[in-house]
Amino acid sequence: MNNTAEQFIATNKANAQALEGLASQAHASMEKLVELNMTASKALLDESFGHVQAVLGAKDAQEFLALQSGTLKPLAEKSVAYLQHVQTILAASGAEFVKAVEAKTVEAQKAFNGVLENLAKNAPAGTESAVAAFKSALTAGQSTVESAQASAKKAVEAAQSQFTAVTTQAVDAVKKATRAA
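Read on for an overview of the structure. (Residues numbered from 1 in each chain as written. Predicted model: local features only at pLDDT ≥ 70, side-chain atom pairs only at ≥ 80, totals over all residues. Heavy atoms only, no water.)

Side note on the overall build of the protein
Then step 1. Of regular secondary structure, the protein possesses four helices and zero strands.
Then step 2. Overall, the protein shows an N-to-C arrangement of helices and strands of α-α-α-α.
Then step 3. Against the compact-globule benchmark of 16 Å for 181 residues, the protein has a radius of gyration of 28 Å, which places it well outside the compact range.
Then step 4. Reported as C-alpha extents along the three principal axes, the dimensions of the protein are approximately 100 × 30 × 15 Å.
Then step 5. A total of 181 residues make up the protein; the buried ones form 12% of that total.
Then step 6. About 12800 Å² of surface is accessible on the protein, with carbon and sulfur atoms providing 65% of the total.
Then step 7. Charge centroids of the protein, computed over 16 positive and 17 negative side chains, lie 5 Å from each other. (Helix = DSSP H or I, 4+ residues; strand = E, 2+ residues; numbered from the N terminus. Rg over C-alpha atoms; globule rule 2.2 N^0.38 Å. Buried < 20%, exposed > 50% of the residue type's maximum accessible area, 1.4 Å probe, protein only. Areas by Shrake-Rupley, 256 points an atom, 1.4 Å probe, with all protein chains shown as cover. Lys, Arg positive; Asp, Glu negative; His and termini not counted. Charge placed at Lys NZ, Arg CZ, Asp CG, Glu CD.)

A closer look at the pattern of salt bridges
Then step 1. The tally for this structure, following the rule as stated, stands at two salt bridges.
Then step 2. The partner of Lys 42 in a salt bridge is Asp 46, and the shortest N-O contact between them spans 3.2 Å. Pair noted here: Lys 42 and Asp 46 are both in helix α1 (residues 2-56), with a separation of four residues, about one helical turn.
Then step 3. A salt bridge links Lys 78 to Glu 47; its shortest N-O distance comes to 2.5 Å. (Salt bridge = Lys/Arg side-chain N within 4 Å of Asp/Glu carboxyl O.)

Topic: the environment of His 27
Then step 1. With respect to the helices, strands and loops of the structure, His 27 is situated in helix α1.
Then step 2. With relative accessibility at 49%, the residue His 27 sits in the partly exposed group.
Then step 3. Residues His 27 and Ser 151 lie 124 residues apart in sequence; the distance between their C-alpha atoms is 25 Å.

Points about the packing of helix α2 (residues 61-70) against helix α3 (residues 72-121)
Then step 1. One way to put it is that α2 packs onto α3 with a least axis distance of 5 Å and a crossing angle of 10°. On the basis of the axis angle, α2 is roughly parallel to α3. Along its contact with α2, which presents Gln 68, Ser 69 and Gly 70, the element α3 presents Leu 72, Lys 73 and Pro 74.
Then step 2. The class makeup of the residues in the contact of α2 with α3 is two nonpolar, three polar and one charged. (Axes fitted to C-alpha atoms, helices over the stretch in contact; angles between N-to-C directions. Parallel < 35°, antiparallel > 145°, perpendicular 65-115°, else oblique. Contact = heavy atoms within 4.5 Å. Nonpolar A, V, L, I, M, F, W, Y, C, P; charged D, E, K, R; others polar.)

Fair warning: the whole summary comes from geometry, so function is off the table for now.
Right, here's the structure in full:
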């Protein structure tokens, strides 16, 4: 029995460390997004004030209109680049998270199966049917968890695919608008 308790303690300790790793990865991704947003907002602020000064210095209406229309193309291109950066950060973060969770799930299932086998070996005589029913219930539970993980993975892949499609459409729209201008 002491061996089983030690296995549970070791498993819980490993799970806590894995959770810490996932939290660190999530934090690093948030730092990247915050850094990207800070850089983008600073650039936008600088460019906005530069544009306002240029507009205020316009000598006639034609120059004013040229300045106004000249800002649309760079703004659209920068917006698309920003979206691509966000998509890259989110895709990398999602891939790391899925990889870590899958690895930890396999490891946890192996450890749990080892504990279960140990419990079955040490079960008192006459409890074989109860142990078999318990094993069956756990196997069904593991199948449900695996199915949920597969569904979650498909959902993440679909979301990333949609985000990529939207970004591609935005890039194409900017290219078309640039050619027309």
